Each structure stands twice: as structure tokens, then as C-alpha cells.
Amino acid sequence: MVLRAMWRYAIALLSIVTFASSQTTRVVDSETGLTFSSYNVPYKTNAGKVITYRIAVPSAATSSAGYDVVLQIAAPNEIGWAGLAWGGSMVTNPLTVAWSSGSSAVVSSRWATGHTTPTIYSGATLTLMTKGTHVNGTHWQFTAKCTGCTSFTSSSGARVLNPKGSNRLAFAYSLSKPSGNSPSASIPIHETPNYWTHDFSMGQNANLGS
């Protein structure tokens, strides 16, 4: 069963067309039909293990107002939860946290004002998409549309992420899973976070689907 699952995951990877440009790549996902800007974040550099973060944006979006995005995260099964900080910091910006649940995933919108457990954030709404969300013998993956992730008020003032350029993002993860399958479940303390610059211009789409 594990070998069969690994083969299915390999086939899924082959169904994605990737165009390299610096550290962010442009990925066309055959499951959702969306074009994503994709980045592999190492979490065990000595073992070559990564968590993949992909973002799709509407081509009509501008920096003058917030816009919807589609986020896709693919992580090895040993990852208990994976998270993305949209403002590139662990505090005062929307946090998307997710973990596997059976054959699907749980997604949760959070916010932190200090180095404490993030609480539920009502300013961003996450809608899990059936296509692009699955679990197999090696990895779990989710795809979700977010309304409210790209515009927010941080400690430095109002911000809108640049849909046609680069934005600093941050990630965190834990090898321990949250206590349940509710979006408000308690989240275990994360390992050392990391940061990168993500080129949103590589994930342009005429529409984001549903």
C-alpha cells in the first residue's frame, strides 16, 4: 500500500509543469487547473526534506485593495501541522495553519499579538477546496481559497500584499499534531520558523475557480 501511495504521489508530481525562475517557480496544477507560484521550504536540511507552499492570485488584482488567493501546501506525513504567515512575521499578520485529517485536512485562520499560542482570526476566511486536497502514504496536501489574507493591519500599519511582485512570507511547523479536528484546536509549539521572498507574479490566473 505504501509503495502504491508513493507511486500515486510520483504520478501527481509528474502531472505538474514547473518553470524555474530564481527561488520561486511557476507551477501549473492539473488537479485544480490553477497556476501557482511555488516555493520549497527546507525543514530538515540534512535530510533534504521540504514543505511546499504554492499561491495562486487573480490576474486582475492590484495593490490598492485586498484580493482573494488560493493557497496550496504539500507536506510529508511526519509534519503534524504547517503554517504560513502572510506578513512574514509570527505576530500581527494573518496566519494560515493546517493539518491532515483522515483523507482531507483542517485549515484554520489565526492571529498572534505576541509569542503566545495564536487565536482564531475572524478577519480571514478559508474555504477548503476538494480538488487539490488529499492524503496518501507519504504526503498530505490541502488547497484552500482565502479571503482576507492579503490585506491586514500590522504593527507598522495597513498593508496589502503585492499581487504582481515579491512579498516576504514566513512559515512554521511542528512534528506534533493539534489536539483535534476543529479549526479552533490547540496548536503545539512550533519548531524554528523560516522566512523567504515569494514572487506572486508567477501565480497569475484569470479566475480562481471554486
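Per chain, residues are indexed from 1 in the order of the written sequence. At least 70 in pLDDT is required for a residue's local features to be given in this predicted model, at least 80 for side-chain atom pairs to be given and counted, and no such filter applies to totals for whole chains, interfaces and linings, which use all residues. Side-chain figures throughout are based on the complete set of non-hydrogen atoms in the structure, without hydrogens or water.

Under the annotation held in an unreviewed UniProt entry, the protein chain carries the name CBD9-like protein and is attributed to Polyplosphaeria fusca.

### Here's the deal with the overall build of the protein chain
Tallying secondary structure elements over the protein chain gives 1 helix and 17 strands in all. Buried positions account for 50% of the 210 residues belonging to the protein chain. In the protein chain, the proportion of contacts linking residues at least 24 apart, taken out of those at least 6 apart, comes to 59%. Accessible areas in this description were obtained via Shrake-Rupley with a 1.4 Å probe; residue shielding takes into account the shown protein chains only. A total accessible area of about 9600 Å² is found for the protein chain, and carbon and sulfur atoms account for 54% of it. Working definition: helices are DSSP H or I runs of at least four residues, strands are E runs of at least two. Numbering for both runs from the N terminus. Burial classes: relative accessible area under 20% of the type maximum marks a residue as buried, over 50% as exposed, and values in between as partly exposed (1.4 Å probe, protein chains only). We call two residues in contact when some of their heavy atoms are within 4.5 Å.

### Here's the deal with the side chain of S109
When you line up the elements, S109 lands in strand β8 (residues 104–111). Here a polar contact is recorded for every N or O atom pair within 3.5 Å, except that within protein the pair must consist of a potential hydrogen donor and a potential acceptor, and residues adjacent in sequence are included only if both atoms are side-chain atoms. Among the polar contacts listed, one links the side chain of S109 to the backbone oxygen of A124, at a separation of 3.4 Å. Contacts of S109, omitting those with residues within four sequence positions, involve L95, T119, I120, Y121, A124 and L126.

### Here we look at the nonpolar core
Ranked by size, the top nonpolar core spans 36 residues in total, and within it I51, Y53, I55, W86 and F142 carry the most contacts. Those elements giving two or more residues to this core turn out to be β3 (35–44), β4 (49–58), β5 (69–76), β6 (81–85), β8, β12 (139–147) and β15 (166–174). In this structure I55 touches T35, F36, S37, V69, V70, L71, L84, W86, L169, H198, F200 and G203, once residues within four positions along its chain are discounted. Joining through side-chain atoms within 4.5 Å is the link that ties buried Ala, Val, Leu, Ile, Met, Phe, Trp, Tyr and Cys residues into a set, and such a set is a nonpolar core.

### Considering the sheet that holds β15
The 6 strands lie next to each other as β9-β8-β7-β6-β15-β16, forming an open sheet whose pairing is antiparallel. In this open sheet, the two edge strands, each paired with only one partner strand, are β9 (119–120) and β16 (194–199). Strands were regarded as paired on the criterion that DSSP finds at least two bridges between them. Bridge count for strand β7 (residues 95–101) against β8 is 7 bridges, and the pairing is antiparallel. Looking at β8, one finds that V97 is bridged to S108.

### Some remarks on the environment of T96
Its location among the elements puts T96 in strand β7. For the pair T96 and S108, spaced 12 residues apart in the sequence, the C-alpha separation amounts to 5.9 Å. In terms of polar contacts, T96 uses its side chain to reach the side chain of W86, at 2.9 Å.

### Observations concerning the pairing of β8
Successive residues of a regular strand alternate their side chains across the two faces of the sheet. Most of β8 is tucked away, with 7 of its 8 residues classed as buried. Two strands pair when backbone bridges link them, and β8 and β9 are joined in this way by 2 bridges, in the antiparallel orientation. Each residue of the ladder has a partner; that of R110, found in β9, is I120.

### Observations concerning the confidence of the model for the protein chain
Confidence in the prediction of the protein chain, expressed as mean pLDDT, is 86, and 88% of residues score 70 or more. Residue-level confidence of the predictor is summarised by pLDDT, bounded by 0 at the bottom and 100 at the top. With pLDDT under 50 throughout, residues 1–22 is counted as low confidence; its partners more than four residues away or in other chains account for 24 contacts.

### Focus on the environment of L84
In this fold, L84 is placed in strand β6. Through-space distance from the C-alpha of L84 to that of L169 is 7.2 Å; in sequence the pair is 85 residues apart. When near neighbours in sequence (up to four residues on either side) are disregarded, L84 contacts Y53, I55, L71, P94, L95, T96, L169, A170 and W196.

### Description of the environment of T133
Relative to the helices and strands, T133 resides in the loop between β10 (125–128) and β11 (134–135). Dropping the residues within four chain positions of it, T133 is found in contact with S103, S104, A105, L128, Q141, F142 and T143. In terms of polar contacts, T133 uses its side chain to reach the backbone carbonyl oxygen of M129, at 2.6 Å. Polar side-chain contacts of T133 include one of 3.0 Å to the backbone nitrogen of T143.

### Digging into the packing of aromatic side chains
Whether two aromatic rings pair depends on their centres lying within 6.5 Å, for rings of Phe, Tyr and Trp, where Trp uses its six-membered ring; planes under 30 degrees apart make the pair stacked, over 60 edge-to-face, and the rest tilted. Tallied over the full model, the rule gives 6 aromatic pairs. Arranged with centres 4.8 Å apart and planes meeting at 35 degrees, the rings of W111 and Y121 form a pair that is tilted. Separated by 10 residues along the polypeptide, W111 in strand β8 and Y121 in the loop between β9 and β10 bring together distant segments of the chain. Across this residue pair, the class does not change: W111 and Y121 are buried. Residues F171 and Y173 carry aromatic rings whose centres are separated by 6.0 Å and whose planes lie at 5 degrees to one another, so their mutual orientation is stacked. You can call F171 buried: its relative accessible area is 2%. A relative accessible area of 8% means that Y173 is categorised as buried. Joined through ring pairs, the aromatic side chains of Y39, Y43, Y53, F171, Y173 and W196 make up one cluster.

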